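Here is how the chains run, residue by residue.
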Amino acid sequence: MSRVYNFSAGPATLPVEVLEKAQAEMLDWQDSGMSVMEMSHRGSAFVSIAEDATARLRRLLNVPDDYSVLFLQGGAAGQFAGVPLNLMGHSQIADYVVTGNWGKKAIKEAGKYGEARLAASGEADGFTSIPPVADWQLSSDAAYVHYTPNETIQGVEFQETPDVGNAPLVADMSSDFLSRPVDVSKYGVIYAGAQKNAGPAGITMVIVRNDLLEQAQAACPMVLDYKQQRDADSMLNTPACYAWYICGLTFEWLENQGGLEAIEKINIRKASKLYDFIDGSDFYRNPVDPAVRSRMNVPFLLADDALNKTFLAQAEDAGLSTLKGHRSVGGMRASIYNAMPESGVDALIEFMRAFEKDNG
Ligand SMILES: *Cc1c(COP(=O)(O)O)cnc(C)c1O
C-alpha cells in the first residue's frame with residue numbers, strides 16, 4: 001500500500017491512525033459482534049460512541065456549559081438555511097460579512113428566510129483581503145452577524161474573532177474548525193461541516209448558545225431545528241452514525257496530539273514554511289494580504305499558467321495529489337489541514353523548488 005499526500009480541500013485527508021483504528025474495528029466494534037455501520041442508533045453501543053465523541057469535542061474546544069453541541073446532517077450548506085430559520089426571530093434581519101465564495105452562498109440562502117444585509121464584502125479586491133471591522137455596516141436591529149472565519153477557496157482567514165457588539169456572532173467554521181483554540185463564549189453559533197478538518201463528509205457540528213434555542217421560525221424543518229435536535233440528542237431522525245464515529249476517533253487523535261494549542265503550533269509552522277517559500281520565489285505567488293493568509297488553504301499561482309497542467313501531472317507522479325486550484329481562483333491550492341503531516345508540506349516545497357528549477 002502506498003498513500004499519497006492528499007492536498008484536497010474536502011473531503012480531505014484524515015489521520016492514518018484514525019483510519020487504522022477504524023479498520024481494526026470495522027467488522028466487530030469492541031466485541032459488539034457488528035460494525036458501527038450496522039448498529040441501531042438507539043442501542044447502548046452507538047449511544048456510547050455518540051456521547052464519547054460529543055464529550056471529546058466539548059473538551060477540545062472548552063465548550064461552556066450553557067452551549068449545546070449538535071451533530072446534524074445537510075452539511076454546512078444546510079446551516080446556510082438552518083441559521084436564519086433558527087435565529088432570525090422577530091427582527092427578520094441579519095448582517096453578513098462576505099469574504100469569499102462561501103459567505104456569498106450563505107447570504108444568498110439566508111435571503112430566502114428574511115432580510116440578509118451585506119455588512120461588508122471583500123469582493124472589490126477579489127477577496128484577497130478582509131475589510132477592517134471598523135468599516136463594517138452593522139445594523140442595530142440584526143438578529144445576528146454571520147461571517148466565515150476561513151474562506152476555503154480564496155485562502156483568507158480571520159486571525160482574531162471580530163467584535164461585533166451585542167448581536168450574536170455566527171461563524172461558518174467549516175474549514176478551520178479545530179485548527180486552533182477558539183473562545184466559544186464569544187459566539188452565538190459555530191457550525192462546521194466535518195469533511196475539511198474534523199472527519200468524513202455527511203455530518204455537521206453545530207455549537208449553539210442555549211438562549212438562542214427558542215426562536216426557530218414556524219417553517220423550520222424539524223431536522224434543522226436546534227431546540228428539537230438538542231432535546232433529542234441529535235437523534236430526532238437517524239443520524240450519520242458512521243461519520244459521527246469517525247469524528248470521535250479524529251477528536252481522540254487530536255487529544256493525543258496535545259489538543260488545539262499543540263496542533264495550532266504545528267499548523268503555524270506548516271503554513272509559514274509554505275508561504276515563506278512562495279514569497280521567496282519569483283516563480284510562485286500568493287495574492288492574499290499577508291495579514292489574513294489562511295493556515296489551512298494555500299492558493300498559489302505559477303508565473304505562467306501554461307505550465308499548470310505539467311505542474312499538476314508531475315506533482316501527481318511525485319505522490320502529491322489534488323493540488324488544482326478552484327476554478328474561480330485558478331492556479332493551485334494546497335489544503336494543509338490538521339491531518340496533513342509536516343513531511344507532506346516539506347515534500348511539496350521540495351517538488352516546487354525542483355519544478356521551478358526545470359521550468360523557471
Ligand atoms: C466546504 C465548505 C462549505 C460547504 O460544506 P458542505 O458540507 O458541502 O455543505 C461551507 N462553508 C465552508 C467555509 C466550506 O469550506
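Everything numeric here is computed off the predicted structure, so don't read it as measured data. (Residues numbered from 1 in each chain as written. Predicted model: local features only at pLDDT ≥ 70, side-chain atom pairs only at ≥ 80, totals over all residues. Heavy atoms only, no water.)

Draft legend 1. Seen up close, the site of the ligand. By nearness alone, 13 residues border the ligand, and Ala77, Thr152, Asp172, Gln195 and Lys196 come closest of all. Between the ligand and the protein, one listed contact pairs an oxygen atom with a side-chain N or O atom of Thr152 at 2.4 Å. Considered on its own, the ligand offers 390 Å² of accessible surface; in the complex 86% of this is hidden by protein. Here the shell around the ligand gets four residues from one element, more than from any other, and that element is helix 3 (residues 75–87). (Near = heavy atom within 4 Å. Polar contact = N/O pair within 3.5 Å; in protein donor to acceptor, adjacent residues only side chain to side chain. Areas by Shrake-Rupley, 256 points an atom, 1.4 Å probe, with all protein chains shown as cover. Helix = DSSP H or I, 4+ residues; strand = E, 2+ residues; numbered from the N terminus.)

Draft legend 2. Quick peek at the environment of Thr54. Inspection of the secondary structure assignment puts Thr54 in helix 2 (residues 44–61). A residue is classified by how much of its surface remains accessible, and Thr54, at 17% relative accessible area, is buried. Remark: the alpha-carbon pair of Thr54 and Asp231, spanning 177 residues in sequence, is separated by 15 Å. Among the polar contacts made by the side chain of Thr54, one reaches the main-chain carbonyl oxygen of Ala50 at a distance of 2.7 Å. (Buried < 20%, exposed > 50% of the residue type's maximum accessible area, 1.4 Å probe, protein only.)

Draft legend 3. Up close: the environment of Ser174. Within the element layout of this structure, Ser174 appears in the loop between strand 8 (169–172) and strand 9 (189–193). For the pair Ser174 and Gly202, spaced 28 residues apart in sequence, the C-alpha separation works out to 13 Å. Residue contacts for Ser174: discarding those within four places in its chain leaves Ala76, Tyr191, Ala192, Gly193, Lys196 and Asn197. A distance of 2.7 Å separates a polar atom in the side chain of Ser174 from a polar atom in the side chain of Asp172. (Contact = heavy atoms within 4.5 Å.)

Draft legend 4. Looking closely at the nonpolar core. Ranked by size, the top nonpolar core spans 59 residues in total, and within it Leu61, Phe177 and Phe251 carry the most contacts. At ten residues, helix 6 (residues 241–257) tops the list of elements feeding residues into this core. The residues that make up this core include at least three from each of domain 1 (25–256) and domain 2 (259–359). With residues near it in sequence (within four places) discarded, Phe251 still touches Ala53, Arg56, Leu57, Leu60, Phe71, Leu178, Ala198 and Met205. Membership of the second largest hydrophobic core comes to 26 residues, among which are Ala315, Ile336, Phe351 and Phe355. (Core = buried A, V, L, I, M, F, W, Y, C linked by side-chain atoms within 4.5 Å. Domains from an automatic or database assignment.)

Draft legend 5. Representation of the domain arrangement of the chain. According to the domain assignment, the chain contains domain 1 (25–256) and domain 2 (259–359). For domain 1 and domain 2, the distance between their C-alpha centroids amounts to 27 Å. Residue-level contacts link 25 residues of domain 1 with 24 residues of domain 2. With both sides pooled, the region where domain 1 packs onto domain 2 buries about 2,100 Å², and carbon together with sulfur makes up 56% of that total. The three residues of domain 1 that bury the most area against domain 2 are Thr128, Ile153 and Pro181, which together make up 23% of that side's buried surface. Put simply, domain 1 and domain 2 have zero salt bridges between them. Where domain 1 packs against domain 2, one counts 13 residue pairs in polar contact (both at pLDDT 80 or more). Those elements that provide at least two residues to the side of domain 1 that touches domain 2 are helix 2, strand 7 (156–157) and helix 6. Top element by residues in the side of domain 1 that touches domain 2 is helix 6. It accounts for three residues. (Buried area = accessible area lost by both parts, 1.4 Å probe. Salt bridge = Lys/Arg side-chain N within 4 Å of Asp/Glu carboxyl O.)

Draft legend 6. Focus on the sheet that holds strand 14 (residues 332–335). Spatial strand order, 11-12-14: three strands in an open sheet with antiparallel pairing. The strands lining the two open edges of the sheet, one partner per strand, are strand 11 (284–285) and strand 14. Two elements, strand 11 and strand 12 (residues 297–302), share two bridges in a ladder whose sense is antiparallel. Counted as the bridge partner of Arg285 is Leu301 from strand 12. (Pairing = 2+ DSSP bridges.)

Draft legend 7. Highlighting the packing of aromatic side chains. Applying the stated rule across the entire model yields 17 aromatic pairs. When the ring of Phe71 is compared with that of Trp244, the centres are 4.7 Å apart and the planes differ by 20°; the resulting orientation is stacked. With Phe71 in strand 2 (residues 67–72) and Trp244 in helix 6, this residue pair connects regions lying 173 residues apart in the sequence. Across the pair, exposure class does not vary: Phe71 and Trp244 are buried alike. An aromatic cluster of three or more residues is present, and its members are Phe277, Phe283, Tyr284, Phe300, Phe311, Phe351 and Phe355. Here the guanidinium or amino end of Lys105 rests over the ring plane of Trp102, the centre of that ring lying 4.9 Å away. (Phe/Tyr/Trp six-rings, centres within 6.5 Å; stacked < 30°, edge-to-face > 60°. Lys NZ or Arg CZ within 6 Å of the ring centre and 35° of its normal.)

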